[in-house]
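Examining the three-dimensional arrangement
What follows is each chain in one-letter form.
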Amino acid sequence: MNRRHFVKNTLSATLAMGFLPNLGRAARQELAIFKDVVLGHGTHQYKVDLNWGALNSNYYPVKDCHEMVQDSKGRIILLTNETKNNVIVYDKSGELLEVWGTEYPGAHGLTLNVENGEDFLYIADNNRHEIIKTTIDGKEVMTIPFPKMAGKYDKAEQYVPTETAIAPNGDIYVSDGYGSQYVIHYNAKGELQNIFGGKGEGGEFFDNAHGICIDQRDSNNPTLLITERERNQLKRFTLDGKLVEIFDLPGAYICRPVMDDENVYLATIWSGDKSPNSGFISILDKDNRLISAPAGSEPIYQNGQLQPMHQALKVFHHPHDVCVDEDKNLYVAQWNSGKTYPIKLNRV
Amino acid sequence: MRYYYFLCLVVLVSCASSIQKVSTVPPQNEVIEKVGDFFPAFQLGTPVLKIERTLFKEKTVATLALRLPEVTIRYTLDGSEPTQSSQPYGSPITLTKSGQLKAKAFHANYQSSETVAATFRNISDALLVESVAIDVPPHQNYTGSGDQTLIDQIKGERNFRTPRWMGFQKTVTATLKLSQAKTANQLTVSTLSDTDSWIFPPASIAIYAVNESGKEQLLAEKSIETPTKDSSPMLQFHTLRFTPQTLSVVKVVVKNYAEIPEWHAGKGTPSWLFLDEMLVENR
């Protein structure tokens, strides 16, 4: 289903349920059309481009649009679990440049790392239960299978990796967000170094360790930021796996942390009580406080506690990742959203 | 044969370069259309409705929120759909009677929200239940706060992973012992329907009066509608009415589906039954 059909269906469903009571021509004109709506709060506000990246789904279909990154040439790379074209490469205006990849049925996590001047991609495939490292044009250079040698897994099915993060020294961290909740640490060659986390009730354990990234805002002391989606928390760990601190984002089911300058961007797949289609975007400042929530409620702190977040406008269904370009525009990939293409938010 | 080699070569070459260049692909612009032309404005998010205590004896308090500037939330308490002329929400609403609250958000620039609704019950007519015995243990992950969960007069919320809910994959028979013999005319079983989480309402409920010699008499029974693919998750009260009776012990049989229905991804496996409360009332 392409976006046009999806929106039409939404419209007819809305009409059928009586949500447009007697909207006359005059009343209709008072409503703000999509492109005029400004989302977000404070320093981080955006206009919406719903048509960005829309393709002919007969030729370039998507299923879940899981993650997006920008490469060194400025291109926007989308990962979908549609095996007709797992990777779709756009320019920033949303024009299609190329597609590749047919063997990643569980294409979920996409991380870009520059190694000796060359871009490499790390794909976390939650169906194949492994990590695949490719060149920027899709040649596979390394596969990291399920970490049997870590002693925590009996079989591959217990390992359902959702994300990778690459440290400055090339070490690879994998979060097993849909599996046994461990974070697995390898060196650049894919040799096991450490394993931590797992299921449990304490702060050092996880219930859906969905995303992971390297936080280099303190350049002398890089750390890991790991999202724990079910508990609406962002957790900081040392590179050797010790819990440092926890940031509560009540009502925000955050997918993966994305670092850009001093900010952390997080696609928020559900809000509040996890109602369907209740997602928004969360943006944190240098102290990891929520400062803007495009399509979400105004962030309010009382006595240092963020008040529970909820969706304010139905712009998104289930945002799954945010990509930030050099002009600070956002590209939002969505899970389970009617096979629609990403949405762009232009910074204002 | 030469042709065959040629074909292999072509296949090899095209495999080696798995990238499809855009120049070779059909035009795509005919599908793209300006979305705003026929559906001009975003819809508001659904207001957040919280009720302090869904089951209460004197009063409870409802709050509504949608943190977006210039939004008006309007609500009704008579079961009707909120409109532009319904009561606007200003501050927390005190509720004293059983009923239903429906609310909807309005804004000059956006489509009005979906309606949010919740039921709440004054249970001052509920008879005191001294003890409850359940014939099957709940699943180890969903034990609630023990069997007392069913008679603590506290309603669970949409999140079923809390001590308010007991989860079963079998038919449940609960025997309620009232603190003293009293007249009653209805019994309510409170359940959750959340088919995305493989949780279904009961297939049916039957209640029996049990006399001192242990003899059982059927008071009422009821089949519950099976949810469809499109059903939203909801908290449910299933009330069975009967001719007023003096009761001291009541047996409640809450029948689980043996198998999840055909349309569901979990078809053929046992469904989950989540119980949080049983109320014996005279009203």
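Residues numbered from 1 in each chain as written. Chains lettered and ligands numbered in written order. Predicted model: local features only at pLDDT ≥ 70, side-chain atom pairs only at ≥ 80, totals over all residues.

Structural notes on the overall build of chain B
Broken down by element type, chain B carries 1 helix and 16 strands. The buried share of chain B, reckoned over its 283 residues, is 31%. Look at the contacts in chain B between residues 6 or more apart in sequence, and 68% of them connect residues 24 or more apart. (Helix = DSSP H or I, 4+ residues; strand = E, 2+ residues; numbered from the N terminus. Buried ≥ 20, exposed ≤ 12 C-beta atoms within 10 Å, placed from the backbone. Contact = placed C-beta atoms within 7 Å.)

Remarks on the overall build of chain A
The helix and strand tally for chain A stands at 2 helices and 27 strands. At 20 Å, chain A has a C-alpha radius of gyration in line with the 20 Å of a compact globule built from 348 residues. Principal axes of the C-alpha set define a box for chain A whose edges measure 65 × 50 × 35 Å. Going through the 348 residues of chain A one by one, you find that 47% of them count as buried. Of all intrachain contacts in chain A linking residues separated by at least 6 positions in sequence, the fraction that spans at least 24 positions is 45%. (Rg over C-alpha atoms; globule rule 2.2 N^0.38 Å.)

Topic: the sheet that holds strand β7 (residues 93-95) of chain B
All names here are of chain B. With antiparallel pairing, the 3 strands of this open sheet are ordered in space as β2-β4-β7. On the outer flanks of this sheet lie β2 (48-51) and β7, each paired with one strand and no other. Within the sheet, the average angular offset between the axes of one strand and its neighbour, ignoring direction, is 25°. Here β2 runs beside strand β4 (residues 60-65); their pairing, made up of 4 bridges, is antiparallel. The residue of β4 that forms the bridge with V48 is A65. (Pairing = 2+ DSSP bridges. Axes fitted to C-alpha atoms, helices over the stretch in contact; angles between N-to-C directions.)

Describing the sheet that holds strand β15 (residues 209-215) of chain A
Within a beta sheet, neighbouring strands are joined by backbone hydrogen bonds and run either parallel or antiparallel to one another. Residues and elements named next belong to chain A. Taking strand neighbours across the sheet as the criterion, the 4 strands line up as β15-β16-β17-β18 in an open arrangement whose pairing is antiparallel. Only two strands of the sheet have a single partner each, and these edge strands are β15 and β18 (243-248). Geometrically, the sheet is characterised by an average inter-axis angle of 20° between neighbouring strands, direction not taken into account. In this sheet, strand β16 (residues 223-228) lies alongside β15 in antiparallel orientation, the contact comprising 6 bridges. Each bridged residue has a counterpart across the sheet, and for D215 the counterpart in β16 is T223.

Remarks on the nonpolar core
Within the largest apolar cluster, 104 residues are counted, with the highest numbers of intra-cluster contacts made by L78, I123, Y265, I281, V322, L330 and V332 of chain A. Element by element, the count of residues in this core is highest for strand β20 (residues 263-271) of chain A, at 6 residues. Formed by 35 residues, the second largest nonpolar core is a distinct cluster that contains A126, V129, M166 and V280 of chain B. (Core = buried A, V, L, I, M, F, W, Y, C linked by C-beta atoms within 7 Å.)

A look at unusual backbone geometry
Phi is positive for Q181 of chain A, close to 70°, though the residue is something other than glycine. Within the secondary structure, Q181 of chain A is located in the loop between β12 (172-175) and β13 (182-186). Phi at E70 of chain B takes a positive value of approximately 65°, unusual for a residue other than glycine. Mapped onto the secondary structure, E70 of chain B falls in the loop between β4 and β5 (72-76). Judged by the 9 C-beta atoms lying within 10 Å of it, E70 of chain B is exposed.

Considerations on the environment of V141 of chain A
All names here are of chain A. With respect to the helices and strands, the residue V141 is situated in strand β10 (residues 140-144). By C-beta crowding, V141 is classed as exposed, having 11 other C-beta atoms within 10 Å. Sequence separation between V141 and F120 is 21 residues; the distance between their C-alpha atoms is 9.1 Å. Every residue in contact with V141, bar those within four places of it in the chain, is listed here: K133, T134 and T135.

So, the environment of H317 of chain A
All names here are of chain A. With respect to the element layout, H317 can be found in the loop between β24 (305-306) and β25 (319-324). In the structure, H317 is positioned 48 residues away from I269 in sequence and 7.6 Å away in space, judged by C-alpha atoms. Those residues in contact with H317, other than ones at most four positions away along the chain, are N277, G279, Q334 and S337.

Observations regarding the pairing of β13 of chain A
Residue and element names in this part refer to chain A. Within β13, 5 of the 5 residues are buried, which leaves the element mostly enclosed by the surrounding structure. By the alternation rule, side chains of β13 split into Y182, I184 and Y186 and V183 and H185, which are all buried. Relative to β13, β12 runs antiparallel, the two being bridged by 4 bridges. Among the inter-strand pairings, Y173 is bridged to a residue of β13, identified as H185. Hairpin connection, β12 to β13: the antiparallel pair is bridged by 6 residues, and Q181 has positive phi, about 70°. Of the strand pairs in this sheet, β13 and strand β14 (residues 192-197) are connected by 5 bridges, and their pairing is antiparallel. Each bridged residue has a counterpart across the sheet, and for Y186 the counterpart in β14 is L192. Here β13 folds back onto β14, and the loop between the two strands holds 5 residues, one of which, G190, carries a positive phi near 90°.

In short, the description is geometric, and any link to function would need to be established separately.
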